[in-house]
Amino acid sequence: MNKIGQNLQFIKQRIATVAQQCQHDPKTITLVAVSKTKPVADIEQAIMAGQFDFGENYVQEGLEKINYFTAHWPQYPLIWHFIGPLQSNKSRLVAEYFDWVHTIDRQKIAERLSRQRPVEKAPLNVLIQINISEETSKSGIKPSQMMTLAEQISVLPHLTLRGLMAIPSAERDTIKQRLVFEKMKLLFQQLKATYPLVDTLSMGMSNDMTSAIQCGSTLVRIGSAIFGARDYSN
Ligand SMILES: *Cc1c(COP(=O)(O)O)cnc(C)c1O
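Residues numbered from 1 in each chain as written. Predicted model: local features only at pLDDT ≥ 70, side-chain atom pairs only at ≥ 80, totals over all residues. Heavy atoms only, no water.

Enquirer: I'd like to hear about the site of the ligand, residue by residue, with values.
Expert: The environment of the ligand is formed by 14 residues, the closest being Lys36, Asn57, Ser206, Ser224 and Arg230. Lysine 36 places a side-chain nitrogen or oxygen 2.7 Å from an oxygen atom of the ligand. Interatomic distance of 2.5 Å between a side-chain N/O atom of serine 206 and an oxygen atom of the ligand. Bound to the protein, the ligand loses 92% of the 390 Å² it would expose on its own. Here the residues of the shell around the ligand sort into 6 nonpolar, 5 polar and 3 charged. (Near = heavy atom within 4 Å. Polar contact = N/O pair within 3.5 Å; in protein donor to acceptor, adjacent residues only side chain to side chain. Areas by Shrake-Rupley, 256 points an atom, 1.4 Å probe, with all protein chains shown as cover. Nonpolar A, V, L, I, M, F, W, Y, C, P; charged D, E, K, R; others polar.)

Here you go:
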């Protein structure tokens, strides 16, 4: 098996082990392979290893890849997650091509995506991004704004609110990692209590995946641990 396939197998094993240790069903945890900056050849290797969910941060780059796979590999039911910051002027392309958006942080962008979602497609799955470390520089809303934005999204006909996403500030100490993820878990439970379709808590990357799963993550976004280090830091 190729290196990317081996990495995927290792990550899946790790997810299963951690999930079982805390009585979570591993099948309820989705692995999204973050392929930003990586060539389609790398994504093909991941597909050969059975990986179908991919995350992209940049609209143009993501689109090129989606078009490539639609043309060359139409038999694979790939699922594309937009996980980068979204500018209003790029929302149409995201609404037309992606299946999920993890970074909803304002009513205006949600309304645009709903309006621009092609009617023949299933509703776009969206997550509200929470600025859980409350850093001024990071995107995402404050926890106190969650219920208001959720209500605004819930009335939009071509979006389905599926849950929450967070990118905590990098932290090596696992106890501190878990303190932040526990806050996300509480918000997720609060949201679920009002919106029964909510089932997705997107948190955990290569360096904090274990803590995230221990705190109830249902979707981890893994880049470098699958595809290797990226050429430039993002
Ligand atoms: C790049 C990125 C990831 C993957 O990060 P790794 O540390 O390479 O696993 C996950 N989520 C988001 C939002 C990203 O931008």
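Enquirer: Before we move on, could you go through the packing of helix α2 (residues 40-48) against helix α3 (residues 59-72) and cite the residues and values that matter?
Expert: Across the interface, α2 lies against α3 with an axial gap of 11 Å and an inter-helix angle of 55°. The angle between α2 and α3 falls in the class oblique. For the pair α2 and α3, the sense of crossing is right-handed. Between α2 and α3, the contacting residues are Val40, Ile43, Glu44 and Ile47 on the first element and Lys65, Tyr68 and Phe69 on the second. Of the residues in the contact of α2 with α3, the class split is 5 nonpolar, no polar and 2 charged. (Axes fitted to C-alpha atoms, helices over the stretch in contact; angles between N-to-C directions. Helix = DSSP H or I, 4+ residues; strand = E, 2+ residues; numbered from the N terminus. Parallel < 35°, antiparallel > 145°, perpendicular 65-115°, else oblique. Left-handed = near helix turned anticlockwise from the far one by under 90°. Contact = heavy atoms within 4.5 Å.)

Enquirer: Pulling in residues and values, what's your account of the packing of aromatic side chains?
Expert: Centre-to-centre distance and the angle between the planes together describe a pair of aromatic rings. Considering all chains together, one arrives at 6 aromatic pairs under this definition. Ring plane angle 50° and centroid distance 5.8 Å describe the contact between phenylalanine 52 and tyrosine 76, whose orientation is recorded as tilted. Residue phenylalanine 52 is found in the loop between α2 and β2 (53-56), and its partner tyrosine 76 is found in the loop between α3 and β3 (79-82); the two are separated by 24 residues along the sequence. Residue classification places phenylalanine 52 among the partly exposed positions, given a relative accessible area of 27%. With a centroid separation of 5.3 Å and 80° between ring planes, the pair formed by phenylalanine 82 and phenylalanine 98 is classed as edge-to-face. With phenylalanine 82 in strand β3 and phenylalanine 98 in the loop between α4 (91-97) and β4 (100-104), the pair connects residues that are 16 residues apart, well separated along the chain. Exposure remark for phenylalanine 82: the relative accessible area of 0% places this residue in the buried category. Chaining the aromatic ring pairs together yields one cluster made of Phe54, Tyr68, Phe69 and Trp80. (Phe/Tyr/Trp six-rings, centres within 6.5 Å; stacked < 30°, edge-to-face > 60°. Buried < 20%, exposed > 50% of the residue type's maximum accessible area, 1.4 Å probe, protein only.)

Enquirer: With reference to specific residues and values, describe the pattern of salt bridges.
Expert: Tallying each qualifying case throughout the model produces 5 salt bridges. Where arginine 162 meets aspartate 199, a salt bridge forms, and the shortest distance between an N and an O atom there is 3.0 Å. Taken together, the residues arginine 162 in strand β6 (residues 159-166) and aspartate 199 in the loop between α7 (174-194) and β7 (200-202) connect sequence positions 37 residues apart. One network of salt bridges, with partners in common, ties together Glu56, Glu61 and Lys65. (Salt bridge = Lys/Arg side-chain N within 4 Å of Asp/Glu carboxyl O.)

Enquirer: Account for the nonpolar core, with residues named and values stated.
Expert: For soluble globular proteins, the rule of thumb is that nonpolar side chains tend to be buried together. The biggest cluster of nonpolar side chains holds 61 residues, and the ones touching the most others in it are Leu113 and Leu164. Once residues lying within four places of it in the same chain are set aside, the contact partners of leucine 164 are Leu127, Ile128, Ile130, Met146, Met184, Leu187, Phe188, Leu191, Thr200, Leu201 and Ser202. (Core = buried A, V, L, I, M, F, W, Y, C linked by side-chain atoms within 4.5 Å.)

Enquirer: Can you explain the side chain of glutamine 51? Please cite residues and give values.
Expert: Note that glutamine 51 resides in the loop between α2 and β2. Reaching out from glutamine 51, the side chain makes a polar contact with the backbone oxygen of leucine 31 at a distance of 2.8 Å. Those residues within four positions of glutamine 51 in sequence are excluded, and the remaining contacts are Leu8, Lys12, Leu31, Val32, Ala33, Ala46 and Leu78.

Nothing here speaks to function; it is all geometry.
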